[in-house]
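Examination of the molecular architecture
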Amino acid sequence: MAKGKHPKSGNQKTPRVAAAKTAGPKAEASKAGKPKAPASEARIFTVDTRFQQMARRAGGIPRNKALERAQSALDEVKPSYDDWLEREVAGLAELVKNAEGGNAEPGWLETAAFRSRQLRDSAAPLGFELLAFIASSLCELLDSIEAGSECNMESVTCHIDALMLARQGSYRRMKPEQVPELTKGLQRVVKHVTI
Amino acid sequence: MNLRDLVILVADPSSYISMLIHGMLRGFGSNKILEVRNSTGVLQTLMGQKIDIMICDMHLPPHGGLSLTRAIRSKTDNEHRTMPILMMSSDSREATIKRARDAGANMVIVKPISPSSLYDRLSWIAFNPRKFVDTETYFGPDRRFKIEGYPGGVGRRSGDKEVEIGAESGPALGQDDIDNLFSSVQTGD
């Protein structure tokens, strides 16, 4: 590597570069006796970032307590979830309906994938396992379509129908294994489309 | 782990998911959490203040979290160049995880995120610091690692065993396998 090509990190205070050493292949003499240009060398150095220094301070919250408190924070969010879920599922259903009717919004597939990821990533930590399962299956399906699989709208619609069902109070707390016909059916649909 | 007074930047396109992560971090004792929805927001925030760790979604618009990570790591006059970056991804295929590692992410956490997985990944970054490597083609945490349970081992430097990179369509990795991909070699530094 050329001289001076590896400047130190921008912040000279933190993180600090405690030690440096070089590694990498050494220059070798060629058959003609001329030394080859040195191959790129790696500079390896220790960084102790402010995050690492501060996180190691005494007085932190023990893991069990931290997880309890985090769960409590999630529980506080739950009351707002109903309205949000209603809006998200309705928005997703409308997107799909428009696409099915030939009036697809530009980028509808990316938007649908984003919304389904949101549903999956919110339902799981809040403990809504059936919703998370269906949203995850829809994510897999949409990812597959984005990657080039046939855009089978029926398979998308049946996921939307399943989401409509699972958002209802009586299904919200269910686990996937409590509705095996539904979950196996969705798995079959995804498998069929992604093959 | 003590997160008090550390500035944490959560970069996720979803306000609802950010709110959930925000809640988890508050539970862990964090009191300085910033949120942005895109890469522009990240870069503006980094220009304006010191961030101690970034938790970034791989789908962050417009160009994704990996491009952003590469940009942060490659800019030489950037005080955040060595900032820890925890990448969130719902795609846990081996090839994707390796791309995150090669972009310079410190760790990947699989979405959906649970409090315990987030706490453990933050804790890992805090208590298992890795050396940084600076070459012509890479700047970031040392990518040398060994994988317990993977046949043949994995490595990237002369003397290390060759990587057999799986096909893009390979099976998703579990969080433990992902952690192994990021765990540094304990010997031979």
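This text gives an overview of the structure that appears in the document. (Residues numbered from 1 in each chain as written. Chains lettered and ligands numbered in written order. Predicted model: local features only at pLDDT ≥ 70, side-chain atom pairs only at ≥ 80, totals over all residues.)

Taken together, the contact pairs 50 residues of chain A with 46 residues of chain B. Breaking the side of chain A that touches chain B down by element, the ones donating at least two residues are strand S2 (42–48), helix H1 (50–55), helix H2 (63–100), helix H3 (108–126) and helix H4 (129–146) of chain A. Its residues assigned to classes, the side of chain A that touches chain B shows 24 nonpolar, 14 polar and twelve charged. Taken together, the three bridges between S2(A) and strand S6 (residues 132–134) of chain B define a ladder with antiparallel strand orientation. Residue pairing in the sheet places A:Phe45 in a bridge with B:Phe132 of S6(B). (Contact = placed C-beta atoms within 7 Å. Helix = DSSP H or I, 4+ residues; strand = E, 2+ residues; numbered from the N terminus. Nonpolar A, V, L, I, M, F, W, Y, C, P; charged D, E, K, R; others polar. Pairing = 2+ DSSP bridges.)

All names here are of chain B. Along the polypeptide, Thr82 turns up in the loop between helix H3 (65–74) and strand S4 (85–89). By the C-beta count within 10 Å, which is 29 here, Thr82 ends up buried. Spatially, the C-alpha atoms of Thr82 and Leu43 are 15 Å apart, while their sequence positions differ by 39 residues. (Buried ≥ 20, exposed ≤ 12 C-beta atoms within 10 Å, placed from the backbone.)

Residues and elements named next belong to chain A. Close contact between H2 and helix H5 (residues 153–166) brings their axes to 10 Å; oriented N to C, the two are set at 155°. Here H2 lies roughly antiparallel to H5, going by the angle between them. Handedness of the H2/H5 crossing: left-handed. Residues Val89, Leu92, Ala93, Val96, Ala99 and Glu100 of H2 pack against Met153, Val156, Thr157, Ile160, Leu163 and Met164 of H5. Grouping the constituent residues of the contact of H2 with H5 by class yields ten nonpolar, one polar and one charged. (Axes fitted to C-alpha atoms, helices over the stretch in contact; angles between N-to-C directions. Parallel < 35°, antiparallel > 145°, perpendicular 65-115°, else oblique. Left-handed = near helix turned anticlockwise from the far one by under 90°.)

With that settled, the discussion passes to the nonpolar core. Membership of the largest hydrophobic core comes to 53 residues, with the highest contact counts inside it found for B:Ala11, B:Met54, B:Ile55, B:Cys56 and B:Met87. The residues contacting B:Cys56, other than those within four sequence positions of it, are B:Ala11, B:Gly65, B:Leu68, B:Ile85, B:Met87 and B:Met88. A:Val96, A:Ala132, A:Phe133 and A:Leu182 belong to the second largest nonpolar core, which has 27 residues in total. (Core = buried A, V, L, I, M, F, W, Y, C linked by C-beta atoms within 7 Å.)

Looking now at unusual backbone geometry. Residues and elements named next belong to chain B. For the bond running from Pro61 to Pro62, omega is 0°, close enough to zero to count as cis. In the segment running from Lys111 into Pro112, the intervening peptide bond is cis, with an omega of 0°. Mapped onto the secondary structure, Pro112 falls in the loop between strand S5 (107–110) and helix H5 (115–127).

Attention shifts here to H3(A). If you check H3(A), its first and last C-alpha atoms are 27 Å apart, about what 19 residues at 1.5 Å a residue would give, namely 27 Å. Turning to H3(A), its buried residues number three or more, namely A:Ala112, A:Arg115, A:Ser116, A:Arg117, A:Gln118, A:Leu119, A:Arg120, A:Asp121, A:Ser122, A:Ala123, A:Ala124 and A:Pro125. On the buried face of H3(A), the contacting elements are H2 and H4 of chain A together with helix H1 (15–27) of chain B. A:Gly127 sits one or two positions beyond H3(A) and adopts a positive phi of about 90°. (Expected span 1.5 Å × (residues − 1).)

Residues and elements named next belong to chain B. Pairing is parallel across the open sheet formed by five strands, whose spatial order is S2-S1-S3-S4-S5. Of all strands in the sheet, those bounded by a partner on one side alone are strand S2 (32–36) and S5. Between one strand axis and the next, the sheet turns by 20° as a mean value, whatever way the strands run. The pairing of S4 with S5 spans four bridges and is classified as parallel. Bridge pairing in S5 places Leu86 opposite Met107.

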